[in-house]
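# Structural overview
Listed below are the residues making up each chain.
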Amino acid sequence: MLVVDDEKLIVKGIRFSLEQDDMEVDCAYDGEEALEAVKKKEYDVVLLDVMLPKMNGFEVCQQIREFSNIPIIMLTAKGDDMDKILGLEYGADDYITKPFNILEVKARIKAIIRRSGTVKTEREDSSKIVSFKELKVDCESRRVYISSKEVNLTAKEFDLLELLIFNPNKVYSRESLLNTVWGYDYPGDVRTVDVHIRRLREKIEENPSDPLYIHTKWGVGYFFQN
């Protein structure tokens, strides 16, 4: 995995703790260095601080999303809701507030790796390709196409779409989606779901305000209409 923070003592502490659990850890200390590292090597997770020299964490996250769906966990200032929301808007999968407990960091990293691994195994077993109107979802390669043109989704956006598309017309509450896709131990709130649904619609819907695929059941939740 890649740990990105300009505070070298924090990086050193995280690296030491993760290596105790036999994780391979690379480090970067500014935004440009982080971006170059992700371009050169495939990581399981990126732990990315918001406040970085040369290029901030939001910019790094946004640029990574142009070519990779790697899970990104952002480190944000304590209690700063705007940082959390912005991180999700730019394509982050999770966030942890500073100051943090290293045990929480390790647990969240392992959880996101475990969910990614489980998803990958299920893809290999199913090899499903689902098409509906102009939308095509390839579960084995985790690729999505609109009118034969590939759309780049984040890991969580894909997981949301897959869950909804394989359970057509079933209405999921925001709480249910949060627990299913992010896990019961995820400390975030339902706004996380709203942000990801909005970003997903912007990518796959011709008119996000009048969606063809992902619909809202007002006062209840979201569903995929086939």
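A quick note: this is a predicted structure, and the numbers were derived from the prediction, not measured.

Cut-offs and rules
- Residues numbered from 1 in each chain as written.
- Predicted model: local features only at pLDDT ≥ 70, side-chain atom pairs only at ≥ 80, totals over all residues.
- Heavy atoms only, no water.
- Phe/Tyr/Trp six-rings, centres within 6.5 Å; stacked < 30°, edge-to-face > 60°.
- Helix = DSSP H or I, 4+ residues; strand = E, 2+ residues; numbered from the N terminus.
- Buried < 20%, exposed > 50% of the residue type's maximum accessible area, 1.4 Å probe, protein only.
- Lys NZ or Arg CZ within 6 Å of the ring centre and 35° of its normal.
- Domains from an automatic or database assignment.
- Contact = heavy atoms within 4.5 Å.
- Buried area = accessible area lost by both parts, 1.4 Å probe.
- Salt bridge = Lys/Arg side-chain N within 4 Å of Asp/Glu carboxyl O.
- Pairing = 2+ DSSP bridges.
- Axes fitted to C-alpha atoms, helices over the stretch in contact; angles between N-to-C directions.
- Core = buried A, V, L, I, M, F, W, Y, C linked by side-chain atoms within 4.5 Å.

### Examining the packing of aromatic side chains
Under the defined criterion, the tally for this structure stands at 4 aromatic pairs. Pairing phenylalanine 132 with phenylalanine 224 gives two aromatic rings, centres 5.5 Å apart and planes at 65°, and the pair type is edge-to-face. Taken as a pair, phenylalanine 132 in strand S6 (residues 129-132) and phenylalanine 224 in strand S12 (residues 221-224) lie far apart in primary sequence, 92 residues in all. The pair formed by phenylalanine 132 and phenylalanine 224 is uniform in burial state, with each residue classed as buried. Residues tyrosine 213 and phenylalanine 224 carry aromatic rings whose centres are separated by 6.1 Å and whose planes lie at 15° to one another, so their mutual orientation is stacked. Placement of the pair is tyrosine 213 in the loop between helix H8 (191-204) and strand S11 (214-217) and phenylalanine 224 in strand S12, with a sequence separation of 11 residues. Comparing tyrosine 213 with phenylalanine 224, the two get one shared label, buried. Members of the aromatic cluster, joined through ring pairs, are Phe132, Tyr213 and Phe224. Sitting over the ring of tyrosine 29, lysine 8 keeps its end group 5.0 Å from the ring centre. Residue placement shows lysine 136 over the ring face of tyrosine 145; its charged tip is 4.9 Å from the ring centre.

### Side note on the domain arrangement of the chain
For the chain, the domain assignment lists domain 1 (2-116) and domain 2 (129-224). Each of domain 1 and domain 2 has a C-alpha centre, and these two points are 24 Å apart. At the junction of the two partners, domain 1 supplies 19 residues and domain 2 supplies 19 residues. Summed over both sides, the interface between domain 1 and domain 2 buries roughly 1,500 Å², with carbon and sulfur atoms accounting for 42% of that surface. Between the two partners, domain 1 and domain 2, sit 1 salt bridge. When the shortest N-O distance is used, the salt bridge between arginine 198 and glutamate 89 registers 2.0 Å.

### Some details on the sheet that holds strand S1 (residues 2-4)
Spatial strand order, S2-S1-S3-S4-S5: 5 strands in an open sheet with parallel pairing. Pairing within the sheet leaves two strands with one partner each, and these edge strands are strand S2 (26-28) and strand S5 (94-97). In this sheet, neighbouring strand axes are inclined to one another by 20° on average, regardless of whether the strands run parallel or antiparallel. The pairing of strand S3 (residues 46-49) with strand S4 (residues 72-76) spans 4 bridges and is parallel. The residue of S4 that forms the bridge with leucine 48 is methionine 74. Each of S1, S2 and S3 is contacted by helix H1 (residues 8-19), which is oriented at about 160° to S1, the strand it contacts most.

### Some details on the nonpolar core
Counting residues in each nonpolar core, the largest one holds 31 residues, and the members touching the most others are Leu135, Leu161 and Ile214. Sorting the residues of this core by element identifies strand S7 (135-138), strand S8 (143-146), helix H6 (155-165), helix H7 (174-182), H8 and S12 as the ones contributing at least two each. Counting residues per element, this core draws most heavily on H6, at 6 residues. Beyond its immediate chain neighbours, meaning those up to four positions away, leucine 161 contacts Leu135, Val137, Val144, Leu153, Leu200, Ile204 and Ile214.

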